[in-house]
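Structural overview for review
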Number of protein chains: 2
Amino acid sequence: MSDVRLVREQGVTAPGGFRAAGIAAGIKVSGNPDLALVFNEGPDYAAAGVFTSNQVKAAPVQWSRQVLKAGRLRAVILNSGGANACTGPGGFQDTHTTAEAVAAALSEWGTETGAAEVAVCSTGLIGDRLPMDKLLAGVTDVVQAMAGGLVGGDEAARAIMTTDTVPKQVALHHKGDWTVGGMAKGAGMLAPSLATMLVVLTTDAKVDAAALDVALRRATAVTFDRLDIDGSCSTNDTVLLLSSGASEITPSQDELDAAVLTVCDDLCAQLQADAEGVTKRVSITVSGAGTDADALIAARIVARDSLVKTALFGSDPNWGRVLAAVGMVPFTIDPDRITVSFNGSPVFSGGTPMPGAREVDLSGADIHVTVELNLGSGQAMVRTTDLSHAYVEENSAYSS
Amino acid sequence: MSDVRLVREQGVTAPGGFRAAGIAAGIKVSGNPDLALVFNEGPDYAAAGVFTSNQVKAAPVQWSRQVLKAGRLRAVILNSGGANACTGPGGFQDTHTTAEAVAAALSEWGTETGAAEVAVCSTGLIGDRLPMDKLLAGVTDVVQAMAGGLVGGDEAARAIMTTDTVPKQVALHHKGDWTVGGMAKGAGMLAPSLATMLVVLTTDAKVDAAALDVALRRATAVTFDRLDIDGSCSTNDTVLLLSSGASEITPSQDELDAAVLTVCDDLCAQLQADAEGVTKRVSITVSGAGTDADALIAARIVARDSLVKTALFGSDPNWGRVLAAVGMVPFTIDPDRITVSFNGSPVFSGGTPMPGAREVDLSGADIHVTVELNLGSGQAMVRTTDLSHAYVEENSAYSS
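Computed from a prediction, not measured in an experiment: that's the story for all the values here. (Residues numbered from 1 in each chain as written. Chains lettered and ligands numbered in written order. Predicted model: local features only at pLDDT ≥ 70, side-chain atom pairs only at ≥ 80, totals over all residues. Heavy atoms only, no water.)

Right, let's get into the overall build of chain A. A count of helical and extended segments in chain A gives 10 helices and 16 strands. For 400 residues, the compact-globule estimate of 2.2 N^0.38 gives 21 Å, and chain A sits close to it at 22 Å. Reported as C-alpha extents along the three principal axes, the dimensions of chain A are approximately 70 × 50 × 35 Å. Here chain A holds 400 residues, and 62% of them are scored as buried. Residue pairs in contact within chain A that sit at least 24 positions apart in sequence constitute 81% of those at least 6 positions apart. (Helix = DSSP H or I, 4+ residues; strand = E, 2+ residues; numbered from the N terminus. Rg over C-alpha atoms; globule rule 2.2 N^0.38 Å. Buried < 20%, exposed > 50% of the residue type's maximum accessible area, 1.4 Å probe, protein only. Contact = heavy atoms within 4.5 Å.)

In structure tokens, the structure reads:
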């Protein structure tokens, strides 16, 4: 992709036709920013979304899935400071009320909007009702902030942070003619149970909801779906893609797919680098499986193994734990045919350890683990992190 | 079971017909005891075993599975200080040589024994060959120690410890007429990848290998198989049951099953209490599933969830994480019908939090989590622990 420029200083407002804002509405006790708005000025309003596969779905996920069926969104409202999950019919009513309030404020500002054109995302502790008085006052404020003319992408990216230490955004400019931008928060796969992953992507390409849906599903399947910090799956995970058509350019599906994939991949790397308690960025690649699906299963098992992850935290080339994890796959393997490598150095092959296997240097921040099964041509890579003291600290002291 | 006495001060030598010994053979760098022998004096030599389901099986597991096919064992030799896993044909030859050395030493002592009557168990780091000079010298010494007339059950239980902080043994005396004893080491389910679980059970009941096999499989299925510390599965896990027939009493299968189950259950509780880094003993009970198998799957998912486990380490009644974990089960649930309780106090029911849910006291060392799915009558309990700083510490600094 020559003539493609990736810029991390820009996010959802990089494409034409989008405005955003982020404010502190008082939902977080800390007083930090906690309410974000992304607004599509058009002329098109196509949208697609993917959501958590968890059967326990937060109220905003239930709402947004429903409204997305029409393939059309004018705005996304996002709050941190509370997940609004497991909150019953009252919690769902809160989400509905929030969407109505956003629609009313936008309509009052001069953009006729219905509640069914507003997606809602929430992140934070599961189980508490949101402070609706603060949230609804915040909706008025955030629409005003957006209407004030600021670009606001940075502020929106900051307002959705929970345990994130830095905001995450990126924009891809395609030959100067159309753009895809995005912001993300959260510290896990399309899925951590605590740090819900929320992603909003925007584009000014002139594409319909079906094309967006294809591009989004293709991209998330090999990016966010393969970022696996702790194997947990959130009640709130949401990835949305909105198009304004403001560039008046219609890329091919392949061009759109490639651009969305690149943006998702970059956001994914940012999420991995800022995952809870991370000290190592780890990639697990399994090759030589019977199928890509088998390779993915094996890579996930290794990526989720607490003993592998603690060893990597200790910069310890304990390849035996990798083999022990691989031995748990639900399909037949032949241990004697497996080759395991750390950072490109084979440590186990042909049924026996390789010379120098215990001396491989894993002291750097990036660790690549590869497992060649020698059964077929299936391959997959999963990104994960180490399991550190900081992970335990952060997750043992969150709600109380 | 009245007239049944459980004694933790005794182990594998409590039943008649068994001797044991434990010595320091120099396999461990620390100089701590590292070689144990359990010897069956007869008159019977029936035996049964269950082994890791990991496809990467250590040499001693491959050996012991093979010899167990005859349903007969005279002795078990166990070493800590090295797992002899992923060591290739040379490692298997080391196991074979060890069994031959034990058989030769026992034969020399006057008990004609073949190598195929000797099971071998190893535990420690995966991937290194054992120091065979030390191990073979140790075999001579441990047979001499055993022949010296000491009972030796305590010494054997100590010699198999790795990261265990205390030896684990128990004996059940059935109405003073027959006995089941056992020892265990390891810090996980019938499977942690690091701290291999090794268990040797003995009985002087007069029962054949088939009866032992039934009793052992029934007991392990609901005890060791449901102790899940970190979801990892070792290359070396082994549970053996030997009978000497010395009591000349043949219990019914039900009586045998009950006794073996009680001994396994007690050893299981000891393993849980001494698991790596444990600060909380946690039981996860899922009821109201469609089947017991579904309930077990759900209980395992909760027991393995890092976010649930870190919350419990922090004594935090973060029930939302339990629900999020339950939401990942591979069968259909209805979140609105689920009731979650901590230590008997309902915290979530009917789709909404219960009053006081955030104030449940989890400061004690024992935490009971129950999840009622209200779908059927399937039920299962899994024992686990919290995920603590000590777990990370112990597992990040083990091999180096």
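In a structure, side chains of opposite charge can pair up when their charged atoms sit close to one another. All names here are of chain A. Considering all chains together, one arrives at 24 salt bridges over all chains under this definition. Here Glu41 makes a salt bridge to Arg19, at a shortest N to O gap of 3.0 Å. You can see Glu41 sitting in the loop between strand 3 (35-40) and strand 4 (46-51) and its partner Arg19 sitting in strand 2 (residues 18-23), a full 22 residues away along the chain. Take Arg19: its relative accessible area is 21%, and that puts it in the partly exposed class. Ionic pairing is found between Lys206 and Asp44, a salt bridge with its closest N-O pair at 3.1 Å. With Lys206 in the loop between strand 9 (198-203) and helix 5 (209-222) and Asp44 in the loop between strand 3 and strand 4, this pair connects stretches of sequence that are 162 residues apart. Judged by its relative accessible area of 34%, Lys206 falls in the partly exposed class. (Salt bridge = Lys/Arg side-chain N within 4 Å of Asp/Glu carboxyl O.)

The geometry of an aromatic ring pair is captured by two quantities: the separation of the ring centres and the angle between the planes. Using the criterion set out here, one finds 6 aromatic pairs over all chains in the structure. Taking the centre distance of 5.2 Å and the plane angle of 25° together, the rings of Trp319(B) and Phe348(B) count as stacked. Placement of Trp319(B) in helix 9 (residues 319-326) and of Phe348(B) in strand 13 (residues 345-349) is noted, with a sequence separation of 29 residues between them. Of note, Arg74(A) hangs over the ring of Tyr45(A), and the distance from its end group to the ring centre comes to 3.9 Å. (Phe/Tyr/Trp six-rings, centres within 6.5 Å; stacked < 30°, edge-to-face > 60°. Lys NZ or Arg CZ within 6 Å of the ring centre and 35° of its normal.)

The next thing to look at is the UniProt feature "active site" (unreviewed entry) in chain A. All names here are of chain A. According to UniProt, the feature "active site" (unreviewed entry) maps to Thr196 in the numbering used here. Following the sequence through the fold, Thr196 ends up in the loop between strand 8 (178-185) and strand 9. Apart from residues no more than four positions distant in its own chain, Thr196 is found in contact with Ser122, Thr123, Lys185, Gly186, Ser234, Asn236 and Asp237. (UniProt positions renumbered as here; feature names shortened; annotations may be inferred.)

Once that is clear, we can look at helix 3 (residues 132-147) of chain B. Residue and element names in this part refer to chain B. With 16 residues, helix 3 should cover 22 Å at 1.5 Å per step; its first-to-last C-alpha distance of 22 Å lies within 8% of that length. Regarding helix 3, the residues found buried are Met132, Leu135, Gly138, Val139, Val142, Val143 and Met146. Downstream of helix 3 by one or two residues, Gly149 has phi in the positive range, about 105°. (Expected span 1.5 Å × (residues − 1).)

A word on the packing of helix 5 of chain A against helix 6 (residues 253-273) of chain A. Residues and elements named next belong to chain A. Two numbers describe how helix 5 lies on helix 6: the axes approach to 8 Å, and their chain directions differ by 40°. As summarised for this structure, helix 5 and helix 6 are arranged oblique, according to the angle between their axes. Helix 5 and helix 6 meet at a crossing whose hand is right-handed. On the side of helix 5, the interface is formed by Ala211, Leu212, Val214, Ala215, Leu216, Arg218, Ala219 and Val222, while helix 6 contributes Gln253, Leu256, Asp257, Val260, Leu261 and Cys264. When its residues are assigned to classes, the contact of helix 5 with helix 6 shows 11 nonpolar, 1 polar and 2 charged. (Axes fitted to C-alpha atoms, helices over the stretch in contact; angles between N-to-C directions. Parallel < 35°, antiparallel > 145°, perpendicular 65-115°, else oblique. Left-handed = near helix turned anticlockwise from the far one by under 90°. Nonpolar A, V, L, I, M, F, W, Y, C, P; charged D, E, K, R; others polar.)

A few words now on the environment of Thr123(A). Residues and elements named next belong to chain A. With respect to the secondary-structure elements, Thr123 resides in strand 6 (residues 118-123). Distance from Thr123 to Pro353, taken between C-alpha atoms, is 46 Å for residues 230 residues apart in sequence. Beyond its immediate chain neighbours, meaning those up to four positions away, Thr123 contacts Asn79, Ser80, Gly81, Gly82, Ala83, Ile160, Thr162, Lys185, Thr196, Leu198 and Asn236.

A few words now on the state of the cysteines. Residue and element names in this part refer to chain A. What the rule picks out here adds up to 0 disulfides over all chains. With no disulfide of its own, Cys121 has Cys264 as its nearest cysteine by sulfur position, at a separation of 14 Å. With no disulfide partner, Cys268 has as its closest neighbouring cysteine sulfur the one in Cys264, 7.9 Å distant. Look at Cys268 and you get buried, because its relative accessible area is 0%. (Disulfide = S-S within 2.5 Å.)

All right, on to the interface of chain B and chain A then. Where interface size is quoted, it is often the accessible area lost as the parts come together. Taken together, the contact between chain B and chain A spans 56 residues of the former and 56 residues of the latter. Summed over both sides, the interface of chain B with chain A buries roughly 4400 Å², with 55% coming from carbon and sulfur. It is Gln55(B), Leu307(B) and His389(B) that lose the most area in chain B upon contact with chain A, and together they represent 15% of the buried surface on that side. Viewed at the interface, chain A and chain B are joined by 2 salt bridges. With its nearest N and O atoms 3.2 Å apart, the salt bridge here joins Arg358(B) to Asp128(A). For the interface between chain B and chain A, the tally reads 17 residue pairs in polar contact (both at pLDDT 80 or more). Of all the elements in the fold, those that place two or more residues in the side of chain B that touches chain A are helix 2 (88-109), helix 8 (306-313), helix 9, strand 14 (352-353) and helix 10 (389-396) of chain B. The biggest single contributor to the side of chain B that touches chain A is helix 10 of chain B, with 6 residues. Tallied by class, the residues present in the side of chain B that touches chain A amount to 25 nonpolar, 24 polar and 7 charged. (Buried area = accessible area lost by both parts, 1.4 Å probe. Polar contact = N/O pair within 3.5 Å; in protein donor to acceptor, adjacent residues only side chain to side chain.)

This brings us to unusual backbone geometry. Note that the residue after Gly42(A), namely Pro43(A), is joined by a cis bond; omega there is 20°. Its location among the elements puts Pro43(A) in the loop between strand 3 and strand 4. Phi is positive for Cys86(B), which is not a glycine, with a value near 60°. For Cys86(B), a relative accessible area of 9% corresponds to the buried category. Unusually for a residue other than glycine, Ser315(B) sits at a positive phi of about 55°.

This brings us to the relation of the copies chain B and chain A. The relation between the two copies of this chain is a rotation about an axis and a shift parallel to it. Laying chain B over chain A is done by rotating through 180° and shifting 0.0 Å along the axis; what remains is an RMSD of 0.0 Å. Taken together, the rotation angle and the small translation identify this as a two-fold axis. Taking C-alpha positions as the reference, the residue of chain B nearest the rotation axis is His389(B), at 2.8 Å. The overlap is high: 100% of the interface residues of chain B also sit at the interface in chain A, so the same surface is used on both sides. (Least-squares fit on C-alpha atoms with pLDDT ≥ 70 in both.)

It is worth spelling out the sheet that holds strand 5 (residues 75-79) of chain B at this point. Residues and elements named next belong to chain B. If you walk across this open sheet you meet the 4 strands as 2-3-5-6, and the pairing is mixed. Either end of the sheet is taken by a strand with one partner, and the two such strands are strand 2 (18-23) and strand 6 (118-122). The average angle at which neighbouring strand axes cross in this sheet is 10°, direction not considered. The sheet contact formed by strand 5 and strand 6 spans 5 bridges and is parallel. Counterpart to Ile77 in the pairing with strand 6 is Val120. Of the strands in this sheet, strand 2, strand 3 (35-40), strand 5 and strand 6 touch helix 2, which is tilted by about 130° from strand 6. (Pairing = 2+ DSSP bridges.)

Let's shift gears to the sheet that holds strand 14 of chain B. Residues and elements named next belong to chain B. Taken in spatial order, the 6 strands line up as 14-13-12-15-11-16 in an open sheet, and their pairing is mixed. Looking at strand neighbours, the two that pair on one side only are strand 14 and strand 16 (378-385), the edges of this open sheet. Where strand 11 (residues 281-289) meets strand 15 (residues 366-372), 7 bridges bridge the pair, whose relative direction is parallel. From the neighbouring strand, Ile284 faces strand 15, where its bridge partner is Val369. The strands touched by helix 9 are strand 12 (339-342), strand 13, strand 14 and strand 15; relative to strand 12, the strand with the most contacts, the crossing angle is about 135°.

The buried count for helix 1 (residues 59-68) of chain A comes to 7 of 10 residues, which makes it a mostly enclosed element. Turning to helix 1 of chain A, its buried residues are Ala59(A), Pro60(A), Val61(A), Trp63(A), Ser64(A), Val67(A) and Leu68(A).

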